[in-house]
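A structural walkthrough
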Amino acid sequence: MDRPFGLLAELTYACPLQCPYCSNPLDLSRYGDELTTAEWLRVLDQARELGVLQLHLSGGEPLQRRDLTEITRHASELGLYTNLITSALGLSSRRAEELRAAGLAHVQISIQADEAALSDRIAGTASFQRKLTAARMVKKLDWPLTLNVVLHRHNVDRIAGILALAEELGADRIELAHTQYYGWARRNRDALLPGRDQLDRAQTVVRAARERLQGRMEIIYVLPDYYSRYPKPCMGGWGRRQLTVVPNGDVLPCPTAHQVPLPRASVREHDLAWIWDQSPVFQAFRGTDWMPDPCRSCDRRELDFGGCRCQAFELTGDAARTDPVCQLSPDHQIVTAAVREANEPAPESDVVLIPRPHPHPRPQPRHPGR
Amino acid sequence: MTEPGSRPKLAPHVRLSFDQTRQRYVLLTPEAVTVLNDTGAAVVNLCDGQRTLAEIVAELEPRYNRVPGEEIERFLNQLAATGRLDLSRG
């Protein structure tokens with residue numbers, strides 16, 4: 001069996017931002033019983049043994065965990081490539097220097113737009129200026145910096161400005177990724193899905209910027225799968241290359257698989273190797289045996305693995321169906337209907353974005369300094 | 001694109017590491033793990049920003065007599081195109 005390359009550690013769902021495109025689960029309160037420092041360190045040991053090479057520290061906002069430096073140091077000592085995915089709120093210069101010393105390899109900072117008013121409105125809190133300050137500090141510490149921008153109807157027309165800002169900040173990379181419609185983003189989908197004309201304009205800007213910035217800044221542009229003919233090869237295949245550990249210790253093949261009705265697997269009850277190799281949740285959609293038609297007989301089944309199981313579940317109620325994004329899916333009309341609606345002229349006042357709420361106050365880790 | 005005087009070195013966000021589990025050298029970036037074969041690992045190991053492309057090729061050709069310089073060049077251009085290698089000119 002393949003061994004996983006990457007572990008996404010969702011350390012906490014606490015977050016100072018309230019982005020309406022958040023893919024965190026809707027029932028955030030279920031995840032308040034967070035793993036302790038000692039439990040995370042044990043998970044990292046088991047992950048390295050299993051073959052994991054990259055650790056993505058995320059959330060929620062991972063800086064809300066007071067033991068982030070300790071977790072990072074342990075991961076570095078194990079030889080993992082450590083990547084912090086952060087809003088940058090809470091990244092003080094002291095904290096940054098601690099993380100640098102702990103061996104943190106890479107920092108990804110989210111921005112919501114290229115100017116304060118829009119960025120803060122999307123984030124639900126005044127944050128833009130603090131993000132810029134943090135991004136400059138990251139570069140000053142000679143860290144590689146990636147800017148993460150989730151794109152949607154309300155900021156996709158700002159791509160040129162966002163790229164100019166990234167250039168000014170000296171970012172090494174920028175990820176411009178269209179919203180994926182899970183969790184809160186699914187709830188807000190109709191207010192977030194961009195129009196085709198917006199995508200065409202964005203594509204032109206990205207193409208020109210790639211040419212202009214070649215060798216200076218890497219631009220990753222992820223198209224919205226609702227506009228694709230074929231689905232994305234989600235996670236490189238279910239239980240094939242990646243795994244996610246969520247704040248309460250549940251282990252999932254991808255960060256949005258909470259919602260798929262499968263038996264839970266927790267690091268509090270089993271070690272990661274057993275979960276990866278044998279747990280029902282990881283076996284459910286591994287390989288191609290589970291596939292229905294048209295996937296089963298499709299030439300692309302080893303390319304996209306039938307697309308995304310979570311999306312299939314969200315849109316059809318059955319996680320074992322072909323991802324409706326695929327033009328060959330018998331459920332494809334669900335996606336075309338949403339796209340059609342997104343391209344109809346709609347009065348701006350119809351658009352209501354529900355902010356992702358703050359979860360209930362979480363207990364502090366039991367041994368903060370450990 | 002590489003030139004004989006290019007002095008390639010890994011981009012700041014890229015790490016070369018030996019994976020005990022797979023017994024292979026790997027290139028680590030935030031989004032990807034590239035498992036290298038022995039030749040690939042030997043090439044990347046020489047990309048220290050000091051050696052020129054010509055020197056790398058000269059050093060490897062006797063060791064791997066089936067790896068021509070243009071193949072090394074193609075491999076390095078591929079890494080550069082995906083942002084994993086800096087090709088500063090010497």
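Attention here is on the structure that accompanies the text. Computed from a predicted structure; not experimentally measured.

Side note on the overall build of chain B
- A tally of helices and strands in chain B yields three helices and five strands.
- Taken from the N to the C terminus, the helices and strands of chain B come in the order β-β-β-β-α-α-α-β.
- Computed over the C-alpha atoms, the radius of gyration of chain B is 12 Å, within 12% of the 12 Å expected from 2.2 N^0.38 for a compact globule of 90 residues.
- Reported as C-alpha extents along the three principal axes, the dimensions of chain B are approximately 35 × 25 × 20 Å.
- Partitioning the contacts of chain B with sequence separation of at least 6, the portion at a separation of at least 24 is 57%.

Comments concerning the interface of chain A and chain B
- Of the residues lining the interface, 16 residues belong to chain A; the matching set on chain B comes to twelve residues.
- Of all the elements in the fold, those that place two or more residues in the side of chain A that touches chain B are β3 (81-86) and β4 (106-110) of chain A.
- Along the lines of polarity and charge, the residues of the side of chain A that touches chain B split into five nonpolar, seven polar and four charged.

Topic: the packing of helix α1 (residues 37-50) of chain A against helix α2 (residues 68-77) of chain A
All names here are of chain A.
- At a closest axis distance of 10 Å, the pairing of α1 and α2 adopts a crossing angle of 20°. By the angle class used here, α1 and α2 are roughly parallel. By crossing handedness, the relation of α1 to α2 is classed as right-handed. Counting all contacts with α1, which are made through Thr37, Trp40, Leu41 and Leu44, the residues of α2 involved are Glu70, Ile71, His74 and Ala75.

Quick word on helix α3 (residues 69-81) of chain B
All names here are of chain B.
- Its 13 residues place the ends of α3 18 Å apart at the C-alpha level, agreeing with the 18 Å of an ideal helix rising 1.5 Å per residue.
- Of the positions making up α3, those classed as buried are Ile72, Leu76 and Leu79. Buried residues of α3, seen end-on, are gathered within an arc of 55° and therefore sit on one face of the element. Along α3, exposed side chains directed more than 90 degrees from the buried face belong to Glu70, Arg74 and Gln78.
- One or two steps after α3, the chain reaches Gly83, where phi turns positive at roughly 80°.

Some details on helix α5 (residues 128-140) of chain A
Residue and element names in this part refer to chain A.
- When the terminal C-alpha atoms of α5 are compared, their 19 Å separation across 13 residues agrees well with the 18 Å that a helix rising 1.5 Å per residue should span.
- Every buried residue belonging to α5 is among Phe128, Lys131, Ala134, Ala135 and Val138, and all of these are buried. Down the axis, α5 shows its buried residues gathered within 120° of arc, on one side only. The outward face of α5, more than 90 degrees from its buried face, is lined by the exposed residues Gln129 and Lys140.
- For α5, the secondary structure elements touched by its buried residues are α3 (93-101), β4, α4 (116-123), β5 (145-151) and α6 (159-169).
- At the C-terminal side of α5, Asp142 shows a positive phi close to 65°.

Quick word on unusual backbone geometry
Residues and elements named next belong to chain A.
- Here the bond from Gly59 into Gly60 is cis, since omega is 15°, no more than 30 degrees from zero.
- Each neighbour pair has its own omega, and for Asp293 with Pro294 the value is 10°, a cis peptide bond.
- Relative to the helices and strands, Pro294 is located in the loop between α11 (280-283) and α12 (301-304).
- Notably, Asp142 is not glycine yet its phi reads approximately 65°, a positive angle.
- Inspection of the secondary structure assignment puts Asp142 in the loop between α5 and β5.

A short note on the sheet that holds strand β2 (residues 15-19) of chain B
Residues and elements named next belong to chain B.
- One open sheet accounts for three strands, arranged β2-β3-β4; its pairing is antiparallel. One side of each edge strand has no neighbouring strand; the edge strands of this open sheet are β2 and β4 (33-35). On average, adjacent strands in this sheet sit at an angle of 30° to one another, irrespective of strand direction.
- As defined by bridge partners, strand β3 (residues 24-28) adjoins β4 across three bridges and the pair is classed as antiparallel. Each residue of the ladder has a partner; that of Leu28, found in β4, is Val33.

Analysis parameters
- Residues numbered from 1 in each chain as written.
- Chains lettered and ligands numbered in written order.
- Predicted model: local features only at pLDDT ≥ 70, side-chain atom pairs only at ≥ 80, totals over all residues.
- Helix = DSSP H or I, 4+ residues; strand = E, 2+ residues; numbered from the N terminus.
- Rg over C-alpha atoms; globule rule 2.2 N^0.38 Å.
- Contact = placed C-beta atoms within 7 Å.
- Nonpolar A, V, L, I, M, F, W, Y, C, P; charged D, E, K, R; others polar.
- Axes fitted to C-alpha atoms, helices over the stretch in contact; angles between N-to-C directions.
- Parallel < 35°, antiparallel > 145°, perpendicular 65-115°, else oblique.
- Left-handed = near helix turned anticlockwise from the far one by under 90°.
- Expected span 1.5 Å × (residues − 1).
- Buried ≥ 20, exposed ≤ 12 C-beta atoms within 10 Å, placed from the backbone.
- Arc of directions from axis to C-beta.
- Pairing = 2+ DSSP bridges.

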